[in-house]
Amino acid sequence: MVPITTLHYIVVAAALFVLGVIGVLTRRNVVIVLMSIELILNAVNLNLVAFSRMWGNLHGQVFAIFVTVDAAAEAAVGLGILIAFFRNKDTVNVDEIDLLKW
Amino acid sequence: MIAVSTGMAPVATPWFFYGLAGLAVASGLAVITRRNAVHSALALIVTLLSVAGLYLMLYAPFVAGVQIIVYAGGIMVLFLFVIMLVNIERSSKDRQFNRMWPVGLAAACALMVLFVSAFVKGNKLFPDRGMTLAEGSNTQEIAKLLYGEAGKMGQYTFAFEIASLLLLVAILGAVIMTKKKI
């Protein structure tokens, strides 16, 4: 049995990151796009914690906590924008959000 | 000081890692493919919990706790509330993927090829030292970095204050954004 190295965790994080990118680029529902962004941020967090173990100090874990704070702020503002948009246009599809396109 | 490299074998076997990683990736796939947004949100909760398990395997119990409390407990409740506020009946009936989805998929595949080639070429950049971090004092050590000790500012105290300011701005932004009349 191969012992689990840092590279294993980084490969898992890369898979989650690519899944998130696919979700952001292809889905139409804004809620699911925001969830894909959460997937991407989680992949970054997993990388940071894996590197924290690799170097044997806690700076990566502290940074992961800051990324979590960012994710919370981003989700709150993004969902607020979504509710305001749904109130005005009555849809949650990304390709109908084109008020700034002229 | 923090890293203690004992000769002790880790308690969790590699099978834990493979199970948690497979669960995370499979439910991540479910997040981006489900038609119903509620199912996506539930799959995302499974992903977050299995990533928290991976944090535990990486000797980061505090980050795992933050992951469960803030992500799975806080952010996902926010998501589920918003899903109930917007009309998912109609949006789950119409087309789920936008018209340019082959382009997006190709770009994501190109990104994956880039990752794989970087990992194959540069796997010497990620040495495995078999490090074990002290789990019992993990929270205290993080607190020393965030808050400082013995009256002195920690290394990340200023960044911590900035983060609290960011959260304040986010609260105000979310409240103002969702008001009917500003």
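Residues numbered from 1 in each chain as written. Chains lettered and ligands numbered in written order. Predicted model: local features only at pLDDT ≥ 70, side-chain atom pairs only at ≥ 80, totals over all residues.

Draft legend 1. Structural detail: the overall build of chain B. On a plain count of helices and strands, chain B comes out with seven helices and zero strands. Each helix and strand of chain B, placed in order from N terminus to C terminus, yields the pattern α-α-α-α-α-α-α. Over its C-alpha trace chain B gives a radius of gyration of 21 Å, far above what one expects of a compact globule, namely 16 Å for 182 residues. For chain B, the spread of C-alpha atoms along the principal axes amounts to about 55 × 45 × 30 Å. Nonlocal contacts in chain B, meaning residues at least 24 apart in sequence, comprise 54% of its contacts between residues at least 6 apart. (Helix = DSSP H or I, 4+ residues; strand = E, 2+ residues; numbered from the N terminus. Rg over C-alpha atoms; globule rule 2.2 N^0.38 Å. Contact = placed C-beta atoms within 7 Å.)

Draft legend 2. Local environment of the overall build of chain A. Along its length, chain A carries three helices and zero strands. Counting helices and strands in the order they occur from the N terminus, chain A gives α-α-α. The globule rule puts the C-alpha radius of gyration for 102 residues at 13 Å, and the 17 Å found for chain A is more than 25% above it. Projected onto its principal axes, the C-alpha coordinates of chain A cover approximately 55 × 25 × 25 Å. The buried share of chain A, reckoned over its 102 residues, is 57%. Counted over contacts in chain A with a minimum sequence separation of 6, partners at least 24 positions apart contribute 46%. (Buried ≥ 20, exposed ≤ 12 C-beta atoms within 10 Å, placed from the backbone.)

Draft legend 3. The confidence of the model for chain B, seen in detail. For chain B, the average pLDDT comes to 85, and 92% of its residues sit at 70 or higher. For this predicted complex, the interface confidence score (ipTM) comes to 0.91, while the overall pTM stands at 0.89. (pLDDT = per-residue confidence, 0-100.)

Draft legend 4. Summary view of the interface of chain A and chain B. Each partner contributes residues to the interface: chain A has 65 residues there, and chain B has 71 residues. At the level of elements, α1 (6-26), α2 (30-55) and α3 (59-89) of chain A are the ones that each hand at least two residues to the side of chain A that touches chain B. The dominant element in the side of chain A that touches chain B, judged by the number of residues it contributes, is α3 of chain A, at 20 residues. For the side of chain A that touches chain B, the per-class residue count stands at 45 nonpolar, 15 polar and five charged. (Nonpolar A, V, L, I, M, F, W, Y, C, P; charged D, E, K, R; others polar.)

Draft legend 5. Region of interest: the packing of α1 of chain A against helix α5 (residues 101-121) of chain B. As a packed pair, α1 of chain A and α5 of chain B sit with axes 8 Å apart at the nearest point and diverge in direction by 165 degrees. With respect to α5 of chain B, the element α1 of chain A is oriented roughly antiparallel. The handedness of the crossing between α1 of chain A and α5 of chain B is right-handed. In this structure, α1 of chain A uses L7, I10, V11, A14, V18, V21, I22, L25 and T26 of chain A to contact α5 of chain B, whose residues at the interface are W101, G104, L105, A107, A108, L111, M112, F115 and F119 of chain B. A breakdown of the residues in the contact of α1 of chain A with α5 of chain B according to their chemical character gives 16 nonpolar, two polar and no charged. (Axes fitted to C-alpha atoms, helices over the stretch in contact; angles between N-to-C directions. Parallel < 35°, antiparallel > 145°, perpendicular 65-115°, else oblique. Left-handed = near helix turned anticlockwise from the far one by under 90°.)

Draft legend 6. The arrangement of the environment of V70 of chain B in detail. As for its placement among the helices and strands, V70 of chain B is situated in helix α3 (residues 61-85). Classification of V70 of chain B as partly exposed rests on a count of 17 C-beta atoms within 10 Å. Apart from residues no more than four positions distant in its own chain, V70 of chain B is found in contact with T68 and A72 of chain A together with I75 of chain B.

Draft legend 7. Looking closely at unusual backbone geometry. If you check the backbone angles, D90 of chain A has positive phi at about 60 degrees while not being a glycine. Relative to the assigned elements, D90 of chain A resides in the segment after α3. Under the C-beta neighbour-count criterion, D90 of chain A is labelled exposed, with 11 such atoms within 10 Å. At Y59 of chain B, a position not held by glycine, the phi torsion is positive, near 60 degrees. For Y59 of chain B, the location among the structural elements is in the loop between α2 (37-57) and α3.

Draft legend 8. Spatial organisation of α2 of chain A. Residue and element names in this part refer to chain A. Under the 1.5 Å per step criterion, the end-to-end length of α2 is 38 Å for 26 residues, consistent within 8% with the ideal 38 Å. Within α2, 22 of the 26 residues are buried, which leaves it mostly tucked inside the rest of the structure. Of the residues trailing α2, G56 is marked for its positive phi of about 75 degrees. (Expected span 1.5 Å × (residues − 1).)

Draft legend 9. Representation of the environment of F66 of chain A within the structure. Mapped onto the elements, F66 of chain A comes out in helix α3. Filtering out sequence-adjacent residues up to four positions away, F66 of chain A remains in contact with A159 and A163 of chain B.

Draft legend 10. Focus on the environment of I81 of chain A. Mapped onto the fold, I81 of chain A is located in helix α3. Linking I81 of chain A and T6 of chain A, residues 75 residues apart in sequence, is a C-alpha distance of 38 Å.

Draft legend 11. The packing of α2 of chain A against α2 of chain B, seen in detail. The N-to-C vectors of α2 of chain A and α2 of chain B enclose an angle of 5 degrees; their axes lie 11 Å apart at closest approach. Considering the angle they form, α2 of chain A stands roughly parallel to α2 of chain B. On α2 of chain B, the residues touching V31, I32, M35, E38, L39, N42, L46 and V49 of chain A of α2 of chain A are A37, S40, A41, L44, T47, L48, V51, L54 and Y55 of chain B.

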